[in-house]
Amino acid sequence: MLDATTRSGGTATATPPAIATELALPVPAPVGLTSRCTRVLLSPWSRLSLLVVLLAGAASTVLLFEPQRLLSDGWPPQLGGVAAAVVFGVAYGLCTVAFVPRPLLNLAAGALFGSQLGLASALAGTVLGAGIAFGLGRILGQDALRPLLRGRWLKAADGQLSRHGFRSMLAARLFPGVPFWAANYCAAVSRMRYVPFLVATALGSIPNTAAYVVAGARASAPTSPAFLIAMAAIALPGLAGAIMAWRKRHHLRRP
């Protein structure tokens, strides 16, 4: 059938439907430099690199400020009471993210604020530091590190935390053999949920934290019953953990 132009005597011909459809398709816009840079910056390995830089910077800052001087110099006199305990709890959490050993911070909490206020400040700092580390690991490191979980031990740890997150983290916090920072980032890389992680951290950290805080508070009286009980509470879980690791060594080596 002729189109309107042909019927009127013109020379134009009908456009084939296939060509018309092809001309109607939108031409994809070229990927700009901004889009490519954004894609690179948000890639898993870029985020993991950012996490490493942040942790290295935090550790360097701790080395410069030397928080262990709190044990010898005491807390700044400008702060006191509950306000000082709150500030200490925030500093405690940030220091744990920067790999400062928690026993040192717990001893400082007891020496500075006594048993009760020191325990509350140390536990708050523990949960805060664990939450920050978990969030950083989940946002910046999980996508890059999960494909690397090929070893038998790594797969077993990931499966345990993903399926039985609360009780696994509770056990890791109760026994001092698992480093605090390692448990935080292993949980972040796994599929463990945020709330069970924080609850298990808070409950599981109470015994060990209380023992160190009481030891720090009673350090001036090393023969007092409270100090001796605290030292026993520190030593016995460590001994139990060592015995369990010794008994499980053949199971862990089995292919």
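Residues numbered from 1 in each chain as written. Predicted model: local features only at pLDDT ≥ 70, side-chain atom pairs only at ≥ 80, totals over all residues. Heavy atoms only, no water.

## Quick word on the overall build of the protein
Across its full length, the protein holds 14 helices and zero strands. Counting from the amino terminus, the protein carries its helices and strands in the arrangement α-α-α-α-α-α-α-α-α-α-α-α-α-α. Taking all 255 residues of the protein together, the buried fraction comes to 30%. In the protein, once contacts between residues fewer than 6 apart in sequence are set aside, the share between residues at least 24 apart is 75%. (Helix = DSSP H or I, 4+ residues; strand = E, 2+ residues; numbered from the N terminus. Buried < 20%, exposed > 50% of the residue type's maximum accessible area, 1.4 Å probe, protein only. Contact = heavy atoms within 4.5 Å.)

## Looking at the environment of Ala 58
Residue placement: Ala 58 occurs in helix H4 (residues 44–65). Accessibility expressed as a relative area gives 23% for Ala 58, which makes it partly exposed. Here the alpha-carbon distance between Ala 58 and Val 97, two residues 39 residues apart in the chain, equals 7.6 Å.

## Considerations on the side chain of Asn 184
With respect to the helices, strands and loops of the structure, Asn 184 is situated in helix H10 (residues 180–189). Note on Asn 184: relative accessible area 1%, which makes it buried. Reaching out from Asn 184, the side chain makes a polar contact with the side chain of Arg 173 at a distance of 2.4 Å. Excluding its chain neighbours within four sequence positions, the residues that come into contact with Asn 184 are Ala 130, Ala 133, Phe 134, Arg 173 and Phe 197. (Polar contact = N/O pair within 3.5 Å; in protein donor to acceptor, adjacent residues only side chain to side chain.)

## Some thoughts on the side chain of Thr 96
Relative to the helices and strands, Thr 96 is located in helix H6 (residues 81–97). Thr 96 sits in the buried class, given a relative accessible area of 5%.

## Considering the nonpolar core
Core analysis: the biggest nonpolar cluster contains 14 residues, and Phe 88, Tyr 92, Val 100, Leu 105, Ala 109, Phe 113 and Ala 122 have the highest contact counts within it. Only H6 and helix H7 (102–145) provide two or more residues apiece to this core. Residues in contact with Ala 122, not counting those within four places in the same chain, are Tyr 92, Asn 106, Ala 109, Thr 209 and Val 213. With twelve residues, the next largest nonpolar core counts Ala 183, Ala 188, Met 192 and Ala 200 among its residues. (Core = buried A, V, L, I, M, F, W, Y, C linked by side-chain atoms within 4.5 Å.)

## Regarding a nonpolar patch on the surface
On the surface, a nonpolar cluster with roughly 490 Å² of combined accessible area is contributed by Val 82, Val 86, Val 90, Leu 94, Leu 117 and Leu 128. Elements with a minimum of two residues in the nonpolar patch: H6 and H7. Tallying contributions element by element places H6 first for the nonpolar patch, with four residues. Looking at the element boundaries, Val 90 is found in helix H6. Using a relative accessible area of 41% as the deciding quantity, one classes Val 90 as partly exposed. (Patch = residues over 30% accessible without salt bridge, like charges linked within 9 Å, V, L, I, M, F, W, Y side chains within 5 Å. Areas by Shrake-Rupley, 256 points an atom, 1.4 Å probe, with all protein chains shown as cover. Salt bridge = Lys/Arg side-chain N within 4 Å of Asp/Glu carboxyl O.)

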